[in-house]
Amino acid sequence: MRLSDFDYALPPELIAQHPVSPRDAARLLVVHRRDGRLEHRVFRDLPDYLRPQDALIVNNTRVIPARLTGRKPTGGLVEVLLLRPAATSDAGGSGGGELWEALVRPGRRVPRGTRLTFAGGVAGEVVASRAGGIRLIAFASARPIIDVLREIGTTPLPPYIREPLRDPEEYQTIFAAANGAVAAPTAGLHFTPQLLERIRGMGVAVVFLTMHIGVGTFRSITTEDPARHRMDAEWYEVSPEAAAAINRVRARGGRLVAVGTSTVRTLETVTDDTGVVHSGSGWSRLYIVPGHRFRAVDALVTNFHLPRTTLLVLVCALAGRELILRAYAEAIKERYRFYSFGDAMLIL
């Protein structure tokens, strides 16, 4: 297995800059693993492929407005992307205040000890550095930083989205509830309240779990052997109620239809070798590559992913590299829209 096995060429004009409206008007490429058939549908046709005994499992993480602009004592501006809270002990007990992992730019000009000021009277100090350019920033604020972000932060967007959001909710799913992600679970962006109600009305169980998506999910693989790549840890939580609902569906012979690769990784993290899903929370570094034995997921709703990424490797693990690359070639030929605000695939 080589990194070049997960590459393809995409015309730049196919990178979607905004979602379609309504959301469920996006196109849907249906990929049948059993016989290799490809069908061209619309996302609102998804119920045609679901059965009453199935479960649709979605990630209810919510993107936080994690991008900030700070100012150094010299007057220079620093772009800060907050990634996730960190334990105070991670900084060796120094700095005090609420501690966050962050990416900063320009990183070389923001060493340990740099003090930063932000809008709203918020101050921070870089108290440690980590591999991958990550800084630990200790904030001095009378309120929790997650609350402050709603006032002074902006929504982080992938670099290939160059146009501003028309509405901040464009980059949130309709079921976004648990604050903590710095990137949206984009397969879920296609759902509307009406479509979700149709699905529930069929008798399909709609189950929510959480994985807070970090920037590491979208980083390009840099090792020539993709299997040697190391995933960043991402926080997940599966409630006892969600685990019980999923296990009931499995017991009655229903399928688990995962919405998004983050949902796949969460399910495969908490499912044991007998197929039983366990509740719990923690950090997952699960990296799914071809050869992975899927213990939970039967079908997947997903978007079209960047080449040479762990996301593309995951869908190839589920459906086979040759079939997925053939589906991508078909989508390009038919002028599907790609990436976060693009069209969708259903892998059966």
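Residues numbered from 1 in each chain as written. Predicted model: local features only at pLDDT ≥ 70, side-chain atom pairs only at ≥ 80, totals over all residues. Heavy atoms only, no water.

K.L.:
Run through the environment of Ala128, naming residues and quoting values.
P.N.:
Take Ala128: it is sitting in strand β9 (residues 123-129). Of the residues examined, Ala128 reaches a relative accessible area of 12% and is grouped as buried. Distance from Ala128 to Ala138, taken between C-alpha atoms, is 9.3 Å for residues ten residues apart in sequence. Filtering out sequence-adjacent residues up to four positions away, Ala128 remains in contact with Arg112, Ile134, Arg135 and Leu136. (Helix = DSSP H or I, 4+ residues; strand = E, 2+ residues; numbered from the N terminus. Buried < 20%, exposed > 50% of the residue type's maximum accessible area, 1.4 Å probe, protein only. Contact = heavy atoms within 4.5 Å.)

K.L.:
Tell me about the sheet that holds strand β17 (residues 344-347), residues and numbers included.
P.N.:
Across the sheet, nine strands lie side by side as β2-β1-β17-β16-β14-β3-β12-β13-β15; this open sheet has mixed pairing. Across the chains shown, the open sheet's two edge strands, defined by having one partner strand only, are β2 (38-42) and β15 (280-284). Along the sheet, successive strands turn relative to each other by an average axial angle of 25°, direction set aside. In this sheet, β15 lies alongside strand β13 (residues 234-238) in antiparallel orientation, the contact comprising five bridges. Residue pairing across strands places Val238 opposite Gly280, the latter belonging to β15. Docked against the sheet, helix α4 (residues 261-270) engages β3 (55-59), β12 (205-211), β13, β14 (256-259), β15 and β16 (299-303), running at close to 85° with respect to β12. Its contacts with the sheet put helix α5 (residues 310-319) on β16 and β17, and the angle it makes with β16 is roughly 150°. (Pairing = 2+ DSSP bridges. Axes fitted to C-alpha atoms, helices over the stretch in contact; angles between N-to-C directions.)

K.L.:
An account of the pairing of β2 is needed here, citing residue identities and associated values.
P.N.:
In this structure, strand β1 (residues 27-31) lies alongside β2, joined through five bridges in antiparallel fashion. Bridge pairing in β2 links Arg27 to Val42. Hairpin connection, β1 to β2: the antiparallel pair is bridged by six residues, and Gly36 has positive phi, about 80°.

K.L.:
Break down the packing of α5 against helix α6 (residues 321-333) for me, with residues and values.
P.N.:
With their axes 7 Å apart at the nearest point, α5 and α6 run at an angle of 120° to one another. The angle between α5 and α6 places the two elements in the oblique class. Facing α5, whose interface residues are Leu312, Val315, Cys316 and Ala319, α6 presents Arg321, Leu323, Ile324 and Tyr328. (Parallel < 35°, antiparallel > 145°, perpendicular 65-115°, else oblique.)

K.L.:
Residues and numbers for the layout of surface pockets, please.
P.N.:
Here the idea is plain: a probe the size of a water molecule rolls over the atoms and shows the empty space left. Estimates place the volume of the largest pocket at around 700 Å³. Taken together, the residues that form the lining of the largest pocket break down as 16 nonpolar, three polar and four charged. Estimates place the volume of the second largest pocket at around 590 Å³. Every residue lining the second largest pocket is counted, 31 residues in all, and those nearest its centre are Leu83, Arg84, Glu101, Ala233 and Trp283. The set of elements that each furnish at least two residues to the lining of the second largest pocket consists of β6 (77-85), β7 (98-105), β11 (178-181) and β13. (1 Å grid on protein atoms, 1.4 Å probe; cavity = no way out; pocket = protein on both sides within 12 Å on 5 of 7 lines; lining within 4 Å. Points joined across faces, edges and corners; volume = space filled by probe spheres on them. Nonpolar A, V, L, I, M, F, W, Y, C, P; charged D, E, K, R; others polar.)

K.L.:
A description of helix α3 (residues 240-251) should follow, citing residues and the corresponding values.
P.N.:
The end-to-end C-alpha distance of α3, which contains twelve residues, comes to 16 Å, matching closely the 16 Å that a straight helix rising 1.5 Å per residue would cover. Among all positions in α3, only Ala242, Ala243, Ala245, Ile246 and Val249 are buried. Each buried residue of α3 sits inside an arc of 165° when the element is viewed along its axis, so together they form one side. Facing away from the buried surface of α3 by more than 90 degrees, the exposed residues are Pro240, Glu241, Arg248 and Ala251. Remark: Gly253 follows α3 within two positions and exhibits a positive phi of approximately 85°. (Expected span 1.5 Å × (residues − 1). Arc of directions from axis to C-beta.)

K.L.:
Please give an account of the pairing of β13 that cites residues and values.
P.N.:
Only one face of β13 is covered, namely the one carrying Glu234, Tyr236 and Val238; the face carrying Trp235 and Glu237 has none of its residues buried. Inspection of the sheet shows β12 paired to β13 by two bridges, in the antiparallel sense. In the sheet register, Met211 faces β13, and the bridge partner there is Tyr236.

K.L.:
Tell me about the packing of aromatic side chains, and please be specific about residues and values.
P.N.:
Throughout the structure, instances matching the rule amount to 14 aromatic pairs. Ring centres of Tyr8 and Phe338 lie 6.2 Å apart, and the angle between their planes is 45°; this geometry places the pair in the tilted category. Placement of the pair is Tyr8 in the segment before β1 and Phe338 in the loop between α6 and β17, with a sequence separation of 330 residues. An aromatic cluster of three or more residues is present, and its members are Tyr8, Tyr160, Phe304, Tyr328, Tyr336, Phe338 and Tyr339. Of note, Arg27 hangs over the ring of Tyr336, and the distance from its end group to the ring centre comes to 4.0 Å. (Phe/Tyr/Trp six-rings, centres within 6.5 Å; stacked < 30°, edge-to-face > 60°. Lys NZ or Arg CZ within 6 Å of the ring centre and 35° of its normal.)

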